Every structure is written in C-alpha cells, then in structure tokens.
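Listed below are the residues making up each chain.
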Amino acid sequence: FFFSSGSPGRAGQRAAMASKMGRRAFAGVAAALALCLVIYSGHADSSAVRHFDTMAEAAVAASEKAHLAKLEEEGGTAEGEKQVNLKVEYKGQTANDKAYEADREKFSAEHPDEALKIHLKRKAERQAALREEYHKKREEMLERLGETNRARSTVVAILIVIIITTIAIDFCARCAVHGVDDFSKPVVMILFKELTVLGCIALLVFMSVKTGVPQQVSMLIFDTPSELVEMFDMAHVLIFLVVVLFVVMVSLVLYRFRGYCDDWEAYELSAIDAEQQGKTLKDIPALTIGTPPRAMPEEIKAYVTMRSLFLRPAMKHIGARDLDLGFKFSVYLKHCTTDVFKELVEIEPETWYVVLGMTVLARLFMAIPHEEIKLAVYMMIGIGLLGVLVALRNKLLDIYMTLMTIDPEADETDLPVYVKKYRLQQKDPRALKEKDTLFYKWCNGDRSPNAHEALFFGWCYGPKLAMHVIRTCCFLASVYFAMLFFRFGSDFSRGAAASTLLILSVISPIIMMVHYIPVTLKLLVLTSSIEMMRRREVVYEVEHAVRNRRRFFVARLGYALMGYAKRILKREAEPSLALADVHIREIREVFELYEVACPEPGKGGRYVPKEKVQDLFRQLGMNVQTEEIEDLVLELGDGLEGISYARALEFLGGVSERVLTDQMVDAIFVDVDRDNANAAKKFDNEITEDEFCAKISHVNPYFGTPGSSGGAELLIEWLDWAVDFHKIKVVMKSEEMDGEVNETRVLTPQTFRQLLKQGTSLT
C-alpha cells in the first residue's frame, strides 16, 4: 500500500538534499543582493544629494536675505517671520485696523487697549500663516527628497527590516505555540488573538491621525494641533500595557495551575489504590498512606470522594453513568481547566462595560485636590478588589464542601445530601416567593435550576457569573497596576507619606493575584465540573482517548507476546503473502542503504541504527514521527539499538498469525512459571501478576519503564481493566516484598488463558 509511488532510493535522497541546499543558497544570495543594492544606491547618489543640499541651502539663504531686506524697509516684524519668506494678508480690516497700520505709535498712544487687541489678533494670524507655510514647505521638501536615490534606498531598507522583524516575530510565535503542551496551547492561541486586536487598534489610531481630524479637534479644544494626538498615543500605550499585564497575570496563574494538575495526578494514584482495596465512601475517612501508616490529608480524601462519586454516581441523571475503570479523572479535570482558562482570557463585553463605568467614575477621582488623598482612594480600590475575590472564594468553598458531604448512615445508592436539602427547601414558602423576583427570572429564564445550580449565587447563571467576576477582577487588577505605573510612578519623590501609601497600594492586588485568583479558579473548576454539572463532551473526549490508548497498548502487547511465544516455540513468523516479491526486493535495497554491521556478533548480522530509522521509513513512503522511533526500536530491534531486517519485513508485510493461540499462551505460562525466583514455587501451576509483569518487561523494556514514556503503569492498568471488564475470577494472595505485605493476583493456566485471549482482543 505504500509502494504505489515507488521509493526514491539514493537518487531521490540526493535530489532532496540538493533541493534543500539550493533553496538555502537562493535565500542567502537574495538577501546579499538586496543589502548590496541598498549600500550601492546610497553611495551612488551621494554627489547628487550633496549637490541638491547645496542648491537648497543657497535658495534658503537668498530667500532669507531678500526677506530681511524687506523687513528692514517695513520696520521689522515678529521673530518667527525672520526665518521664512512669509506674507500675511490681514482679512476683515476695520477703520481701527487701518489707522493702526498707518501710524502704530500714534494709534497706540491714543487707544492703548484697542492697539493691544489688534496686535494680539495680528500675532495670531501671523502664527497661523507661519504654521501653514511650514506645512507647505515641509511637503515640498519631502516631495523633492523622495525623488532622490538615497530616499528610495532608505524606503527599501526600512521595508527589509520590517519584513525581517515580521518573520522573526512569526517564528517566535510558532515556537511558542508548538513549544507548549495541549494544556496551554488553546490559551496561548486566544492570547495571540487579543494581541491582534491591539494591533488593529494601533492601526486605527495611526489612520485617524493621518486624516488630520484629531489635529483639528485639538485646535478647537486646546488651541494646539498636537495635544490631542499625544493624548491618543498615551491612551493607546496605556491600553496596550493593560492587556500585556493581563496576559502576564493569566500566564502566572496558568503556571500555578500546573502544580494543581500535578497534585491531581498524584491524588489519582491514591484513589486507584483505595478502589483496588475495595474501599467504599464510608471507608474514605479512615484511609491512610505511607509506611508506617499515617492519616491521609483531607485534600486527598476529598479528591478520592469526588472521584468515586464521579465514576460511580448515585443518581443516574442525564450525562451521568458508570465510567470505564481506566477513566482518568485527573485528565478530565485538566481538560476542564483548559476550558475555564479559555473563558478567562476571552474578554467579553460585560468586562468592558465595567471598565467603561470605572472610566466615568475616574473623572470624579481626578477632581480630588490632594495627591495623598488620591493615593488613599486608589489603595481602597485595590482592597475592594481583594474583598470581592475573598467573598467569591468563600462562596465556592462552601459549595464544594456541600457537594463533598457524605451521610455516614446513608446507603451508596441514596440521594446525595445536597439534593435532599434542595428538595426540602423547595417546600418552603419563601422559595416560591423568590421565584417571582426579577433577578431570579433574569438568571434562570424559563428553566428551573437543579439542586447543584441552586447552590450558586445566581442559580443557573451562577457559574458564568463567577467567571465574569474573576475575569473582571483580573482585568481591573491589570488596569490598577498600569495606572499605578503611569499616574503614580513619580510619587516616590513626594515624601514619606506618599511613598508609604504607594507601597501599601500594591500589597492587596498582589495578594489577590498570587493566592486568591488561583484558588478561586480551582474551586470554580471543581464545583462546575462534577455531579450534575459534569461536562459530557469532555467526558466523551477523555473516554475516547482512554480507549484509543488501550487499543494501541493492547496491539503492542499482543505483538510482544506473539514474538515471545514464537521464540519459545522456535517458530519464525513468515511474511504475508500480500507482500509481493518486488516489494520485498525494494525493501531489501532501501535497507542496504542504511544498515551497518552489528557491534555484538552474538546478536546477529547487520541492522539499521536508531538515528537512521526515520530516514529508512521515509524512503519507503511512510512518515514516522520522532516519538514513534523508540517504540519501533523496542519492537523490531531484538535488543539492538536499531531494527533488524527480518523484524522490519515482518512489520511491513504483516505476520501470518495475528492472534494468540492456546499453544502460545500455554508456552508463555510455562516459561514464566519456570523462571520463578523461588525454587519451591517453580512449576507449581500458578503465577502471580507481579511475575508476569517482570517477565514481560524483561522481554520488552518498554513494559517495565515507568512514566509517560514507558508502559509500566499502562500494563497494570490493562490488568485491572481486563480482570474487571471480562469478569475473570482470580484469587488475591498476600506476599511479603522488601518488608512490606503486598496484595497480588494469582493466575492459573485457565485464568491466564482467559486473561491474554480476551484482554488482547478489542473487537
């Protein structure tokens, strides 16, 4: 199936390398030519530019000389008019203006007030004419300068710098996106979108300034053309700083949440151990950990309770059902956390409405006369933000504790405690009156909240309202810090009182960002993702990932077991008849390109080293990911740091036997039983799961490697799933290992055959 286009061989490899080197050479030559063009054109027109500058200076000098001569004849004028050839035409002259122009000294002596008004009026007209002349001369100079080679070269150089900067930024953005894991990637993408919005705002500000409208409005308000433009730039920089601070705060909270996710993964192991020991909800308060045993921390007990209620819910409401034994509750919470962070960084209109209202109130804040009072009021705003987060944290914590409350006298099939309380509250007459309020109708619409939603302030709208509060507090905190830098940054020099207030103003928002926002978000994730508010789409996604991972693991385990059994039975798997002879020859030819002599003669002849495996499969038309190389080496290497031809041919063509036969299973059982370390237990017709795991990890080190890169945990998980799902009746046995008593399963030939044949079949 992968030979339809033919394999490139050595010619294809050389062509690909030549093409890659050609592209790099072309890019280098193009960049060098562009740089040489800019340098050459800049030097080539130096004499022309100097000639143009000389002519311009001569023209300006002649103009100034003529204008000064004219000023001497007229009796002098304003200082600003001595630099340009300015001719002012005074419009709307009255009789007083004409008398003033005829004899200024006489008119000033007789009418001093009128003379002053006429003088100021004419001065304003001369300044307006001077500005107009300046803009006119500037446009002429820029137009003439734009016709020179130096200006053209400078434009090209600027474009090259901008393009190179754009490429660098795009490269950094791609590295940031591909460098983060799936947990952070959606958040990073949304943050880039927010920065893109800021770029659009910057473009709009630039275009509005180029139209000249802000300058005209500034003339009407401040009588200067630049004041409003500078305020526009300052406001834009302030907004950009606010969003950048918001991004930094969200990134810090996200980093803090990585610790929470690691804790959940550690708690998952304790919950699995409790489940394997058959502990029920009533046994959770008495759970212990460690050696010697000590009381389990309350947070871990709460997690075990939460996971047990999630996997085996008492109420089979919509979306709630018994989940797969291998369901990773910590992974589910991690996915829910990603969804919550997506909502957090999406600044919705409600947040901007609050900021708009705060902007209106800022006008009253500006009217405060004393700087120390302003700082004190500003500090109270920070304390107010902290108070809002503290109140929300306490409310969510109360909801969480209510959801985790277990009635010790109730049966596991009984209704949860919070559901019983809700049904009692619905019988209260005050609950009926509450449903008639406008706030209740606005929060719930046409539907009634369930027992879980009723715990929130806002009922059905409660989780969204909590998210709005957290998001708005985060954004206002970024505004708070930005204004503290812009507005009060220079107040350290005002004295000890102002410096003390400035330092105190920073404490409350820092406490809020470092502690209360991460804790509040954690409680929001927990309270809005369990019980009646479980996220069904995330549950299906996690279950699908669990099943896919199990299929991959079972296929790999089955292949390892078949190879192990064939080596015991001294049988070699033959290539499938579906692989034609021409394809076998082609595989042999490509294999010869990369194979080397085996450094250990006892392990065979020639093989392909691990670093060349990806190139080998690429020449055969198969794209193999880098993380899959290690798996292929473990499966096809026969203990070598590479792959052998026989195993590779078997892998590419398929094997004649695709399922474990009874003979294979019995051979594996006898071999494991024979290698028992305890001589008294050899050939006792029993093996433990620990003995089986140790043997299979010896056959393929992957199954004994702990962590995400290995399959040790997956092997134990597969054993638990296969025994539970297929209802295999095994006997538990206590064994002492390293001074500790360990519970392990005992397998007989019948149960071992049932385990391997049913557990490796996912049809």
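Relevant structure appears above.
No experiment lies behind these values; they were computed from the predicted model shown.

So, the nonpolar core
Tyr332 and Leu521 are the most contacted members of the largest nonpolar core, which totals 85 residues. A per-element tally of this core places helix α9 (residues 227-276) first, with 15 residues. Setting aside chain neighbours within four positions, we find Tyr332 in contact with Phe310, Phe327, Ser529, Arg534, Arg535, Val538, Val539 and Val542. If you look at the next biggest cluster of nonpolar residues, it comprises 32 residues, including Leu561, Ile668, Cys693 and Leu715.

Concerning the sheet that holds strand β5 (residues 642-644)
Pairing is antiparallel across the open sheet formed by three strands, whose spatial order is β3-β4-β5. Of all the strands in the sheet, just β3 (596-597) and β5 have a single pairing partner and so form its edges. Helix α20 (residues 581-594) contacts β3, β4 (606-609) and β5 of the sheet and is inclined by roughly 70° relative to β4.

Structural notes on a negative patch on the surface
Residues Glu139, Glu140, Glu143 and Glu147 make up a contiguous surface patch of negative charge. Take Glu139: it is sitting in helix α5 (residues 112-145). Residue Glu139 is classed as partly exposed on the basis of its relative accessible area, which comes to 48%.

Considering the packing of helix α17 (residues 462-486) against helix α18 (residues 496-527)
One way to put it is that α17 packs onto α18 with a least axis distance of 11 Å and a crossing angle of 155°. The angle between α17 and α18 falls in the class roughly antiparallel. For the element pair α17 and α18, the recorded crossing hand is left-handed. Of the residues in α18, those touching α17 at Pro463, Ala466, Met467, Ile470, Cys473, Cys474, Ala477, Tyr480, Phe481 and Leu484 are Leu502, Ser505, Val506, Pro509, Ile510, Met512, Met513, Ile517, Thr520, Leu521 and Leu524.

Some details on the packing of aromatic side chains
Per the counting criterion, the structure on display carries 28 aromatic pairs. With 4.4 Å between their ring centres and 15° between their planes, Tyr378 and Tyr480 make a pair best called stacked. With Tyr378 in helix α13 (residues 371-403) and Tyr480 in helix α17, the pair connects residues that are 102 residues apart, well separated along the chain. Across the pair, Tyr480 and Tyr378 agree in class, each one buried. Note that Arg588 overlies the ring of Tyr645, its terminal NZ or CZ placed 4.2 Å from the centroid.

Some words on a nonpolar patch on the surface
On the surface, Val354, Met358, Leu361, Leu364, Ile373, Val377 and Ile381 cluster together into a nonpolar patch covering about 560 Å² of accessible area. Of all the elements in the fold, those that place two or more residues in the nonpolar patch are α12 (349-366) and α13. Inspection of the secondary structure puts Met358 in helix α12.

Some remarks on the pattern of salt bridges
Taken as a whole and assessed by the stated rule, the structure comprises 23 salt bridges. Two residues, Asp170 and Arg174, come together in a salt bridge whose shortest N-O distance is 2.9 Å. Of this pair, Asp170 and Arg174 both sit in helix α6 (residues 149-179), four residues apart, which is roughly one turn of the helix. By relative accessible area, Asp170 is classed as partly exposed at 38%. Salt-bridge contacts for Asp720 lead to Arg745; the nearest nitrogen and oxygen are separated by 2.8 Å. One end of the pair, Asp720, is in helix α26 (residues 712-725); the other, Arg745, is in strand β8 (residues 740-747), and 25 residues separate them in sequence. Here the two residues Asp720 and Arg745 agree in accessibility, since each one is buried. Through salt bridges with shared partners, one network takes in Asp671, Arg674, Asp675 and Lys695.

Looking at α9
Compared with an ideal rise of 1.5 Å per residue, which puts 50 residues at 74 Å, α9 spans 73 Å between its outermost C-alpha atoms and is within 8% of the ideal. Following α9 by one or two positions, Gly278 has its phi on the positive side, about 75°.

Cut-offs applied
Residues numbered from 1 in each chain as written. Predicted model: local features only at pLDDT ≥ 70, side-chain atom pairs only at ≥ 80, totals over all residues. Heavy atoms only, no water. Core = buried A, V, L, I, M, F, W, Y, C linked by side-chain atoms within 4.5 Å. Buried < 20%, exposed > 50% of the residue type's maximum accessible area, 1.4 Å probe, protein only. Helix = DSSP H or I, 4+ residues; strand = E, 2+ residues; numbered from the N terminus. Contact = heavy atoms within 4.5 Å. Pairing = 2+ DSSP bridges. Axes fitted to C-alpha atoms, helices over the stretch in contact; angles between N-to-C directions. Patch = residues over 30% accessible without salt bridge, like charges linked within 9 Å, V, L, I, M, F, W, Y side chains within 5 Å. Areas by Shrake-Rupley, 256 points an atom, 1.4 Å probe, with all protein chains shown as cover. Salt bridge = Lys/Arg side-chain N within 4 Å of Asp/Glu carboxyl O. Lys, Arg positive; Asp, Glu negative; His and termini not counted. Charge placed at Lys NZ, Arg CZ, Asp CG, Glu CD. Parallel < 35°, antiparallel > 145°, perpendicular 65-115°, else oblique. Left-handed = near helix turned anticlockwise from the far one by under 90°. Phe/Tyr/Trp six-rings, centres within 6.5 Å; stacked < 30°, edge-to-face > 60°. Lys NZ or Arg CZ within 6 Å of the ring centre and 35° of its normal. Expected span 1.5 Å × (residues − 1).

So far we have only geometry, and geometry alone does not tell us how the molecule works.
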